Amino acid sequence: MTTPVDGRTGSPRATRGLPWGPVGRLAARRALFALPILFAVTLGVFAVAAASPFDPVKAYAGTAGLTASQENLDQLRANLDPDQSFVARWWDWLTAAVTGDLGDSAVMRQPVADVITERLGWSVLLAATAFALAIVLGTLLGVLAARRRGGPLDRVVTSLAYGLEAAPPFWLGLLAIWLFALKLGVLPAGGLTDTAATTVTAGQVAHHLILPALVLAVSQLPWFALYVRQGVGDALDEDPVRGARARGLAPRTVLLGHALRSGLLPVLTLIGSRVPELITGALLVETVFSWPGIAAATVEAATSVDFPLLAALTVLATVAVLLGNLLADLLYGLADPRVGFDG
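Below: a short report on this structure. (Residues numbered from 1 in each chain as written. Predicted model: local features only at pLDDT ≥ 70, side-chain atom pairs only at ≥ 80, totals over all residues. Heavy atoms only, no water.)

1. Topic: the overall build of the chain
Each helix and strand counted, the chain has 14 helices and 2 strands in total. Counting all 343 residues of the chain, 36% fall into the buried class. Summed over all atoms, the accessible surface of the chain reaches about 19300 Å², with 65% contributed by carbon and sulfur. (Helix = DSSP H or I, 4+ residues; strand = E, 2+ residues; numbered from the N terminus. Buried < 20%, exposed > 50% of the residue type's maximum accessible area, 1.4 Å probe, protein only. Areas by Shrake-Rupley, 256 points an atom, 1.4 Å probe, with all protein chains shown as cover.)

Structure follows, in structure tokens:
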């Protein structure tokens, strides 16, 4: 394999590629920055859970606690030791988690790692599908609105975006169930498979995924539509784009080849900043549609003061937010070399 050579100087010509060195340094800095954040978040979770009015012993006993004797309840309380200080409980959990042991979930009656493994994939499927739809549809609507700002289509898109921005995801979910499941009967109201199904098939999962994914996508779509509209609209007024238009280039070429690339740069940072609300929206949508993700586990962990499960899920959400911010910075640095990765 030969090395590319510069024809003018005879020296090896640099090949274009990803700047792995700066990327690695950026990722390393973010990882070091993330460690104290994760420590503080987990400690806060244990502190808030300790101050919760819920009784973990009654939550663990469930309905059996209604008929259990006081002696049995006292024995259960001694085994669970709910009166241990939250700092000691946090430290025991943290030292075990570092070795890979996330503990056992009292409310789920199984290891925390198994709870997350069984449910995380379905949550990622829902969130990833919805996020991709929101980006694609939001970009399309934003570009159409930016072509003629102030026109009828622009007014329709912006009005729709501001209206959807104010609508809670759970309200959109209930409205979608009423319309598409109850009135029209074209889509299932919830769950992962049909009621009578004994096996999980890709077709049934895809059919049941449509409604929750669309609802979650619609809840995220307004931000992308408005950002793309603003970015592309401003790019159309810049001198380089005006020059391209003056040279006689086709309007579509000017829009897609010049204005769109410049106008999409702010959207790259938006991708990372939307991760926290995406997680919150996914939890609400999963609850409304009975989607078997981590939403039910999160709610049960919070109401039952399940320290190990609640801490693990909170760490998982925090890591997702930090990775989203890192991804946004990497995409922005790759799209605009003037920014770089070392700033």
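That covers the picture; the talk isn't over yet.
2. Re the pattern of salt bridges
According to the stated counting rule, one finds 1 salt bridge in the structure shown. Among the ionic pairs, Asp154 bridges to Arg229, the shortest N-O distance being 2.6 Å. Linking Asp154 in helix 6 (residues 152-165) with Arg229 in helix 8 (residues 202-236), this pair joins segments that are 75 residues apart in sequence. (Salt bridge = Lys/Arg side-chain N within 4 Å of Asp/Glu carboxyl O.)

3. Points about the layout of surface pockets
Estimates place the volume of the largest pocket at around 600 Å³. The wall of the largest pocket is formed by 26 residues, among which Ala127, Val275, Ile279, Leu316 and Ala320 lie closest to the centre. Taken together, the elements giving at least two residues each to the lining of the largest pocket come down to helix 5 (112-147), helix 11 (265-273), helix 12 (275-289) and helix 14 (307-335). Ranked by residues supplied to the lining of the largest pocket, first place goes to helix 14 with 10 residues. In terms of residue class, the lining of the largest pocket is built from 20 nonpolar, 5 polar and 1 charged. (1 Å grid on protein atoms, 1.4 Å probe; cavity = no way out; pocket = protein on both sides within 12 Å on 5 of 7 lines; lining within 4 Å. Points joined across faces, edges and corners; volume = space filled by probe spheres on them. Nonpolar A, V, L, I, M, F, W, Y, C, P; charged D, E, K, R; others polar.)

4. Brief notes about the nonpolar core
Ranked by size, the top nonpolar core spans 36 residues in total, and within it Leu126, Leu216 and Phe224 carry the most contacts. Every element with two or more residues in this core is listed here: helix 5, helix 7 (169-183), helix 8, helix 11 and helix 12. Looking at this core, the element that brings in the most residues is helix 8, giving 11 residues. If sequence neighbours within four positions are ignored, Leu126 has contacts with Leu209, Pro212, Ala213, Leu216, Val285, Glu286 and Trp291. Val45, Val115, Ile294 and Ala312 belong to the second-largest nonpolar core, a separate cluster that totals 23 residues. (Core = buried A, V, L, I, M, F, W, Y, C linked by side-chain atoms within 4.5 Å. Contact = heavy atoms within 4.5 Å.)

5. Remarks on the packing of aromatic side chains
For any pair of aromatic rings, the description rests on two quantities: the centre-to-centre distance and the angle between the ring planes. What the rule picks out here adds up to 3 aromatic pairs. Pairing Phe131 with Phe224 gives two aromatic rings, centres 5.7 Å apart and planes at 70°, and the pair type is edge-to-face. Residue Phe131 is found in helix 5, and its partner Phe224 is found in helix 8; the two are separated by 93 residues along the sequence. On the accessibility criterion, Phe224 (0% relative accessible area) is buried. (Phe/Tyr/Trp six-rings, centres within 6.5 Å; stacked < 30°, edge-to-face > 60°.)

6. Side note on the environment of Pro292
Counting through the fold element by element, Pro292 comes out in the loop between helix 12 and helix 13 (295-303). Each C-alpha atom of the pair Pro292 and Leu120 lies 9.0 Å from the other, and the pair is 172 residues apart in sequence. Once you skip the residues sitting within four places of it in the chain, Pro292 turns out to touch Arg119, Trp122 and Leu192.

7. So, a nonpolar patch on the surface
A cluster of nonpolar side chains, namely Phe170, Trp171, Leu174, Leu175, Trp178, Leu179, Phe180, Leu182, Leu184, Val186 and Leu284, defines an oily patch on the protein surface of about 1100 Å² accessible area. For the nonpolar patch, the leading source of residues is helix 7, giving 8 residues. Mapped onto the elements of the fold, Phe170 is located in helix 7. Given a relative accessible area of 40%, Phe170 falls into the partly exposed group. (Patch = residues over 30% accessible without salt bridge, like charges linked within 9 Å, V, L, I, M, F, W, Y side chains within 5 Å.)

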